[in-house]
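Observations on the model geometry
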Amino acid sequence: MDRQAVAPLRRPPVTADLIEQAVFTSIRSPMARGYRIVAASRGITDDEKREIVQRAPSHGNLEQEGPEAEALAGFLLRSGRYCLLQARHAGRESSNRGGLRVHTHVVMLSRELFLREFAGNPLRLAIFAAPALEESVQRVEGPLLAALAPPETPEWGEPGATECSANSISAPGAVLGLASALLNREAVLVINASAAAAVLQDVFAVTPAGLRPEIGFAFGLKPSVQRSLPLLFHDAEPRGLEGFLRDQGHRLVDWSGEAAQRIASDPYAPWLDFAQRRWEQGRLGEVRALCDRLEEEIAPEALALDAALAVDLEALEEVDAAGLEQLRTKWSTATATGPVSRALLVSVRERIEARLAAITPEVEADAQSS
Amino acid sequence: MAATATATQLDCMICDTPNAPGHLLCQQCYAPLELARVTTEQGREPCLVTVLGDSNVGKTVYLGFLLDMLSQHVKQFEATPRSAHSVDLPQNVISHMAWRMFPPKTPIEADQWNWSYFEICRRGRNKRWIDLVTPDLPGEAIAAEVASPSTFRIIQSLLAKSQALMLLVDAALAAHGSAQPDFFALKMLSYIEACSGGRRGQRIQTPIAIVLTKADYVPQCFDDPPQFAKANLNRLWHMVGNRCANAAFFASSVVGSLGFATHAEDQSVTPVPLHTALRGILEPFEWIARQLHR
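None of the values given here were measured: they were computed from a predicted structure.

Here the focus is the overall build of chain A. Counting secondary structure elements, chain A contains 11 helices and 10 strands. The contacts of chain A with a sequence gap of at least 6 include a subset with a gap of at least 24, amounting to 70%. For chain A, the accessible area works out to roughly 17,600 Å², and carbon and sulfur atoms hold 52% of it.

The subject of this paragraph is the environment of Gln-28 of chain B. Residues and elements named next belong to chain B. Mapped onto the fold, Gln-28 is located in the loop between strand S2 (18-19) and helix H1 (34-42). Each C-alpha atom of the pair Gln-28 and Ile-154 lies 8.4 Å from the other, and the pair is 126 residues apart in sequence. Ignoring sequence-local partners within four residues, the contact set of Gln-28 consists of Cys-15, Thr-17 and Arg-153.

Gaps left between atoms show up when a probe the size of a water molecule is rolled over them. A full pass over the atoms with the stated rule returns three cavities of 30 Å³ or more. Its boundaries defined by the atoms lining it, the largest cavity holds a volume of some 60 Å³. As for the largest cavity, its lining consists of Arg-33 of chain A together with Asp-54, Val-57, Leu-168, Val-169, Asp-170, Pro-181, Phe-184 and Ala-185 of chain B. Secondary-structure elements contributing two or more residues to the lining of the largest cavity are strand S7 (164-170) and helix H7 (180-196) of chain B. Residues of the lining of the largest cavity, tallied by class, amount to six nonpolar, no polar and three charged. Considered as a void within the structure, the second largest cavity measures approximately 40 Å³ in volume. Partitioning the lining of the second largest cavity into residue classes produces no nonpolar, six polar and four charged.

Here we take up the nonpolar core. Ranked by size, the top nonpolar core spans 89 residues in total, and within it Ile-14, Ile-154, Leu-167 and Leu-236 of chain B carry the most contacts. No other element matches the six residues that H7 of chain B contributes to this core. Apart from the residues within four sequence positions on either side, Ile-14 of chain B is in contact with Cys-29, Ala-31, Leu-48, Trp-115, Ile-154, Ser-157, Leu-158 and Lys-161 of chain B. Within the second largest apolar cluster, 70 residues are counted, among which are Leu-113, Phe-217, Leu-294 and Ile-352 of chain A.

Quick look at the packing of helix H7 (residues 269-280) of chain A against helix H8 (residues 284-293) of chain A now. All names here are of chain A. Following both chains from N to C, one finds H7 and H8 inclined at 140°, their axes separated by 7 Å at the closest point. As summarised for this structure, H7 and H8 are arranged oblique, according to the angle between their axes. Contact residues: H7 offers Trp-271, Phe-274, Ala-275, Arg-278 and Trp-279, while H8 offers Leu-284, Glu-286, Val-287, Leu-290 and Cys-291. A class-by-class count of the residues in the contact of H7 with H8 yields eight nonpolar, no polar and two charged.

Of the volumes computed, that of the second largest pocket is approximately 950 Å³. Surrounding the second largest pocket, 31 residues form its lining, Ala-32, Arg-36 and Ile-37 of chain A together with Ala-143 and Ala-147 of chain B being those nearest its centre. Sorting the residues of the lining of the second largest pocket by element identifies strand S2 (35-41) and helix H1 (46-55) of chain A together with helix H4 (139-147) and H7 of chain B as the ones contributing at least two each. Looking at the lining of the second largest pocket, the element that brings in the most residues is S2 of chain A, giving six residues. Its residues assigned to classes, the lining of the second largest pocket comprises 18 nonpolar, five polar and eight charged.

Under the defined criterion, the tally for this structure stands at 11 aromatic pairs over all chains. Linked through ring pairs, Tyr-82, Phe-114, Phe-118 and Phe-128 of chain A together constitute an aromatic cluster. The ring of Tyr-117 of chain B carries the charged tip of Arg-82 of chain B above its face, separated from the ring centre by 6.0 Å. The residue whose ring lies beneath Arg-279 of chain B is Phe-222 of chain B, and the NZ or CZ to ring-centre distance is 3.7 Å.

Moving on to the sheet that holds S2 of chain A. Through backbone hydrogen bonds, the strands of a sheet pair up, either in parallel or in antiparallel fashion. All names here are of chain A. Strand order across the open sheet formed by 10 strands is S6-S2-S1-S5-S4-S3-S8-S9-S7-S10, with mixed pairing between neighbours. The sheet is open, and its two edges are formed by strand S6 (144-145) and strand S10 (251-254), each paired on a single side. As judged from the nine bridges shared by strand S4 (residues 82-92) and strand S5 (residues 100-109), these two strands associate in the antiparallel manner. From the neighbouring strand, His-89 faces S5, where its bridge partner is Val-102. Docked against the sheet, H1 engages strand S1 (20-26), S2, strand S3 (70-76), S4 and S5, running at close to 140° with respect to S2.

Attention shifts here to the interface of chain B and chain A. Residue-level contacts link 36 residues of chain B with 30 residues of chain A. Here chain B and chain A share an interface that buries about 2,800 Å² over both sides, 44% of which is from carbon and sulfur atoms. Looking at the side of chain B facing chain A, the largest losses of area belong to Asn-56, Lys-105 and Glu-109 of chain B, adding up to 22% of the total buried there. Linking chain B to chain A there are three salt bridges. Between Asp-170 of chain B and Arg-33 of chain A there is a salt bridge, with the nearest N and O atoms lying 3.9 Å from each other.

With that settled, consider the pattern of salt bridges. Residues and elements named next belong to chain A. Following the criterion strictly, the structure yields 32 salt bridges over all chains and no others. Between Arg-88 and Glu-70 there is a salt bridge whose closest N-O contact spans 3.3 Å. Of this pair, Arg-88 sits in strand S4 while Glu-70 sits in strand S3, placing them 18 residues apart in sequence. Taken together, the salt bridges that share partners define one network made up of Arg-278, Arg-283, Glu-286 and Glu-314.

Attention shifts here to helix H11 (residues 282-292) of chain B. Burial runs high along H11 of chain B: eight of the 11 residues are buried. Of all the positions in H11 of chain B, only Leu-282, Pro-284, Phe-285, Glu-286, Trp-287, Ile-288, Ala-289 and Gln-291 of chain B are classed as buried.

Each pair of packed helices can be described by the angle between their axes along with the distance between the axes. All names here are of chain A. Contact pair helix H9 (residues 300-315) / helix H10 (residues 321-332): the axes reach a minimum separation of 12 Å and the direction vectors enclose 155°. In this view, H9 runs roughly antiparallel relative to H10, as classed from their interaxial angle. H10 is crossed by H9, and the crossing has left-handed handedness. Every residue of H10 that contacts H9 at Leu-305, Ala-308, Leu-309 and Asp-312 is listed here: Leu-327, Lys-330 and Trp-331. Class assignment for the residues of the contact of H9 with H10 results in five nonpolar, no polar and two charged.

Further remarks concern helix H4 (residues 172-183) of chain A. All names here are of chain A. Compared with the 16 Å implied by 1.5 Å per residue over 12 residues, the 16 Å span of H4 between its first and last C-alpha is a close match. With respect to burial, H4 is a largely interior element, 11 of its 12 residues being buried. If you follow the buried residues of H4, they end up packed against strand S7 (188-191), helix H5 (196-205), strand S9 (231-234), S10 and H7. Of the residues one or two after H4, Arg-185 is the one with positive phi, at around 65°.

Taken residue by residue, a regular strand's side chains alternate between the two faces of the sheet. Residues and elements named next belong to chain A. Across the 10 residues of S5, nine count as buried, placing the element largely inside the fold. In this sheet, S5 lies alongside S1 in antiparallel orientation, the contact comprising five bridges. Bridge assignment links Gln-21 to a residue of S5, and that residue is Val-107.

Residues and elements named next belong to chain B. Taking strand neighbours across the sheet as the criterion, the seven strands line up as S4-S5-S6-S3-S7-S8-S9 in an open arrangement whose pairing is mixed. Of all the strands in the sheet, just strand S4 (77-81) and strand S9 (247-251) have a single pairing partner and so form its edges. When strand polarity is set aside, the average angle formed by the axes of neighbouring strands in this sheet is 25°. Bridge analysis of strand S3 (residues 47-53) against S7 gives five bridges, and the strand direction is parallel.

Conventions we followed
Residues numbered from 1 in each chain as written. Chains lettered and ligands numbered in written order. Predicted model: local features only at pLDDT ≥ 70, side-chain atom pairs only at ≥ 80, totals over all residues. Heavy atoms only, no water. Helix = DSSP H or I, 4+ residues; strand = E, 2+ residues; numbered from the N terminus. Contact = heavy atoms within 4.5 Å. Areas by Shrake-Rupley, 256 points an atom, 1.4 Å probe, with all protein chains shown as cover. 1 Å grid on protein atoms, 1.4 Å probe; cavity = no way out; pocket = protein on both sides within 12 Å on 5 of 7 lines; lining within 4 Å. Points joined across faces, edges and corners; volume = space filled by probe spheres on them. Nonpolar A, V, L, I, M, F, W, Y, C, P; charged D, E, K, R; others polar. Core = buried A, V, L, I, M, F, W, Y, C linked by side-chain atoms within 4.5 Å. Buried < 20%, exposed > 50% of the residue type's maximum accessible area, 1.4 Å probe, protein only. Axes fitted to C-alpha atoms, helices over the stretch in contact; angles between N-to-C directions. Parallel < 35°, antiparallel > 145°, perpendicular 65-115°, else oblique. Phe/Tyr/Trp six-rings, centres within 6.5 Å; stacked < 30°, edge-to-face > 60°. Lys NZ or Arg CZ within 6 Å of the ring centre and 35° of its normal. Pairing = 2+ DSSP bridges. Buried area = accessible area lost by both parts, 1.4 Å probe. Salt bridge = Lys/Arg side-chain N within 4 Å of Asp/Glu carboxyl O. Left-handed = near helix turned anticlockwise from the far one by under 90°. Expected span 1.5 Å × (residues − 1).

So this is what it looks like as structure tokens:
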């Protein structure tokens, strides 16, 4: 054998850079029948498959019964990777005992990739995975799927957009009450939310990217203790959920009723107050863009600092020299550890000096002329 | 296996996990805690019989008709439900079959399984009591657990606590040449053996009734169920002979005649049970009762 003719081995792709996928549904095959993982990419471990089987919806578990029913759920696996389930009805179930087949497409990626490419927003991941879902519904060829490459140039809207999200139909107070509960690790079950995806979009708009993967959620699925995630949306009557609420400890929030109150003595209050003011000014997009950058700064103190810096960065454009001096004193000794707050602090300081430099000659000229 | 209850906690009857008294389901295995409460009140050891089988083998239908027969005082048995929920399964099965439909698939979600708790009295010279607890397990959950243990830990707990087992095998599929029922049954018995934790060479002591379902497709199965198993489920046959100390084969059937309906939209075919003709439903349970009272 000519050794020089042997091509060098290609380095296998790094699993952390790929998005794994799987399909959980009920189809007949030579080996088995019934609901199971019928196809998966190589990078999904046995433990992760086990967890998918435990959580994915099986027969009759989409909340709507019609063929157009859809559901979405996202959560962190025990392995640390983020998992998104998109489920829908796809024709008759193979055993023909009534009911429609539930087809669940699963995508899974490392937390780092999820934050880097999608800013931790599962709704963006769902948009990215939609073509793969459609393809898997049409056909599942063989048990092995290819992993997906992340998007090359993710475009999720203009950074720093000043307009509210077009999907924002919720009142700020209601969303911020929900966010307050979730940021403080309280589980919530929301009923009577006509557009769960829009509510979720708004919740993530005011949640730092670094915290978004922690907020497991599900909508469009029937309540089950195997999917007892922190944020659940259901159409069920409260009476039918009593046992679930008692056992799982979720707070019940009726979206059509009074807005959920924020947690008393909420450490995230400064941040949420900032988000509410911006929202009421029609600037929710700015808050979302800021949250997209907050991967590391997720502690209440860090968020309060970022909120204060963002407010003062804007306010310093309007104040006089005395006000600028006060701001200079306020921020001269401040320290920031996160990349976003460091950048904001530098901007504030530079802007203060620039404005002072511009104002001072005018003040001197006015003094001379008078 | 009797559950214990104190003012501050209630131990699950299946996995022994302590739970708050007000909870409905065990926080660990999702079994209904009502079972533990009733057992505590009864003050008598319940008898757990687990029905196992692949997806679509007929577990729900078999179990529903069995419980219904027992509650109608067939032969020497008198069964009384210990809770309203215990009647859900037989009601579901009988109602669907009366409408010429098979009941829907049992979902994998553990909190949606039907659990039945019946107090059964066997009349005779000496009255014998069996407090029968049996869950209607989905075949997919069983298959997932066998393929990857600890996917549904409750199944391990059930096997550990069961005084007897029923393993349902699709006789019709086997007779028509499919090896799937044989392989599934082989895997199931291997899993049961692994869970029993016996030493090398030690046989499974738990009584196992192997019920060959849908035998109306292959009537010869009723003539000699062990011979049928030997001919069509050879792997299972040998496994039983080698590893089971106390097992027996039975044939059963529920459907008297079957029609097939085609859907206009997608041409899919749905089997329609035109009428029921129960055969061989009680015999496996009778055998188990005799084994338990030996």
